[in-house]
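Each chain is listed here by its residues.
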Amino acid sequence: LDVKTKADLDEAVKAGKALVDFWATWCGPCQMMGQKIERELLPQMPELKVVKVNVDEAPELAAQFGIMSIPALFCYRDGAKVAEFIGVTDAATIRSALG
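Residues numbered from 1 in each chain as written. Predicted model: local features only at pLDDT ≥ 70, side-chain atom pairs only at ≥ 80, totals over all residues. Heavy atoms only, no water.

Caption draft 1: Quick peek at unusual backbone geometry. Here the amide bond leading from Ile70 into Pro71 is cis, since omega sits at 0°, within 30 degrees of zero. You can see Pro71 is positioned in the loop between helix 3 (59-64) and strand 3 (72-77). (Helix = DSSP H or I, 4+ residues; strand = E, 2+ residues; numbered from the N terminus.)

Here it is, written out as C-alpha cells:
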C-alpha cells in the first residue's frame, strides 16, 4: 500500500499490525529492506499491513515524521507506534516489536 498523505497513513495504520516503510528508489539499503520484508517478514506475518512511503514522492509526509535517514521503519499496533528502526533491520527484530 503506497501512501502520500498523513490522512492516508493514519487510516492505513489505525487497526491491526502495520509497518510503515519510508524509502526511495535510489536507496540501495531501502531495496534490501524491501526484499527482507517480502521474503522474511510477510511469510511469517501474513496479517501485517506494509505501508510504503516514497520520500521523493511524499516529502511533506517524510518531513512531518522527521525522517532524516532511510530506510526508516515505524511499527504500529492498532494505531499506536510501538517501535522505530533506522537502516536495514533484521526481520526477527521487527516481528518481536510488533508482537
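Caption draft 2: Examining the pairing of strand 2 (residues 49-54) more closely. The buried count for strand 2 comes to five of six residues, which makes it a mostly enclosed element. Handedness of the β-α-β unit built from strand 1 (residues 17-23), helix 2 (residues 28-41) and strand 2 comes out right-handed. (Buried < 20%, exposed > 50% of the residue type's maximum accessible area, 1.4 Å probe, protein only. Right-handed = clockwise from strand over helix to strand, strands pointing away.)

Caption draft 3: View of the sheet that holds strand 3. Spatial strand order, 2-1-3-4: four strands in an open sheet with mixed pairing. Strand pairing shows two members of the sheet lacking a second neighbour, strand 2 and strand 4 (80-86), which therefore form its edges. Each strand of the sheet is rotated relative to its neighbour by a mean of 20°, with strand direction disregarded. The strands touched by helix 1 (residues 6-13) within the sheet are strand 1, strand 2 and strand 3, with strand 1 carrying the most contacts at an inclination of about 145°. Where helix 2 meets the sheet, its contacts fall on strand 1, strand 2 and strand 3, and the angle it forms with strand 1 comes to roughly 160°. (Pairing = 2+ DSSP bridges. Axes fitted to C-alpha atoms, helices over the stretch in contact; angles between N-to-C directions. Contact = heavy atoms within 4.5 Å.)

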